[in-house]
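What the coordinates show
So the chains spell out like this:
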Amino acid sequence: MKNIVVFASGFGSNFQAIIDAVKQGKLHANIAGLICDKPGAYAIERARINLIPVVLFERNAFSSKAEMDHAILNQCQDWNADWLVLAGYMRLLSPMLIKAFPRHIVNIHPSLLPKYRGLDAVGQALNHKERVYGLTIHYVEEGMDTGEIIVQVPFEADELDRDHIEKRLHALEHQTYPAIINKLIVEECV
Ligand code: GAR
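Here goes a summary of the coordinates provided. (Residues numbered from 1 in each chain as written. Predicted model: local features only at pLDDT ≥ 70, side-chain atom pairs only at ≥ 80, totals over all residues. Heavy atoms only, no water.)

1. Here we look at the nonpolar core
The nonpolar side chains of soluble globular proteins are, as a tendency, buried together. Ranked by size, the top nonpolar core spans 41 residues in total, and within it I4, F15, I18 and Y177 carry the most contacts. It is helix α6 (residues 162-189) that provides the largest number of residues to this core, a total of eight residues. Contact partners of Y177, with chain neighbours within four places excluded, come to N14, I18, V85, L86, A87, V106, N107, I108 and I137. With 21 residues, the next largest nonpolar core counts V5, F7, M68 and V140 among its residues. (Core = buried A, V, L, I, M, F, W, Y, C linked by side-chain atoms within 4.5 Å. Buried < 20%, exposed > 50% of the residue type's maximum accessible area, 1.4 Å probe, protein only. Helix = DSSP H or I, 4+ residues; strand = E, 2+ residues; numbered from the N terminus. Contact = heavy atoms within 4.5 Å.)

2. Considerations on the pattern of salt bridges
Pairing between side chains of opposite charge can happen when the charged atoms of each approach one another. What the rule picks out here adds up to ten salt bridges. Residue D37 is joined to K38 by a salt bridge in which the shortest nitrogen-to-oxygen separation is 3.8 Å. Owing to a relative accessible area of 4%, D37 belongs among the buried residues under this scheme. Taking relative accessible area as the criterion, K38 reaches 38% and is therefore assigned partly exposed. (Salt bridge = Lys/Arg side-chain N within 4 Å of Asp/Glu carboxyl O.)

3. Side note on the packing of helix α1 (residues 13-23) against helix α2 (residues 42-49)
Here α1 crosses α2 at 20°, and the two axes come no closer than 9 Å. The pairing of α1 with α2 is recorded here as roughly parallel in orientation. The interaxial crossing formed by α1 with α2 has right-handed handedness. Residues S13, F15, Q16 and I19 of α1 touch α2, and the partners they reach there are A43, R46 and A47. The residue makeup of the contact of α1 with α2, split by class, is four nonpolar, two polar and one charged. (Axes fitted to C-alpha atoms, helices over the stretch in contact; angles between N-to-C directions. Parallel < 35°, antiparallel > 145°, perpendicular 65-115°, else oblique. Left-handed = near helix turned anticlockwise from the far one by under 90°. Nonpolar A, V, L, I, M, F, W, Y, C, P; charged D, E, K, R; others polar.)

4. Overview of unusual backbone geometry
For residues other than glycine, phi is negative in most cases, and the peptide bonds are mostly trans. Between L113 and the following residue, P114, the backbone shows a cis peptide bond with an omega angle of 15°. The topology assignment puts P114 in the loop between β5 (105-109) and α5 (121-127). Within the chain, K129 stands out as a residue other than glycine whose phi angle is a positive 55°. Relative to the assigned elements, K129 resides in the loop between α5 and β6 (132-139).

Quick look at the structure:
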């Protein structure tokens, strides 16, 4: 069974979808642990409820970003991580960490990349009065929300309303991300 380590900074609804998919036997992986960079993030609570090991890495506890990512790398290696899964982790990974897991780090982003990278992708798209929204799952490379695209799922918004669009996006994310992670893991094992 492959070990995945999930990275999250906030609410963790995608983390929950991954937990649920593992429990339902739809995602054939072991969640070895959660890496979180924000104390108080609800993702931490989800890990505790589900008896998943969690380690908090706060940026101000380290003298540099590289030092923090070294500590994260050590933790991932202690957990025998095969895949790193970014699920709302709002921080760029150091090149050193990316190089340690070639083509084994994935991210989900709530826009049709390369459009609307970074923070508040839905807000950026709304400002441009886009009608078509969607998500992108991609391999992580250096740079913000860059890297080879694995899948994109577009949809047309019925109304240009943030709540409406975010609800549809999240539902789509929760359905798509665990399925794609499973596909990548299964393909690697054949
Ligand atoms: C998700 O919508 C994810 O696509 C986005 O953060 C949200 C996390 O929600 N990721 C990014 O914007 C990455 N640049 P969650 O904490 O409820 O899973």
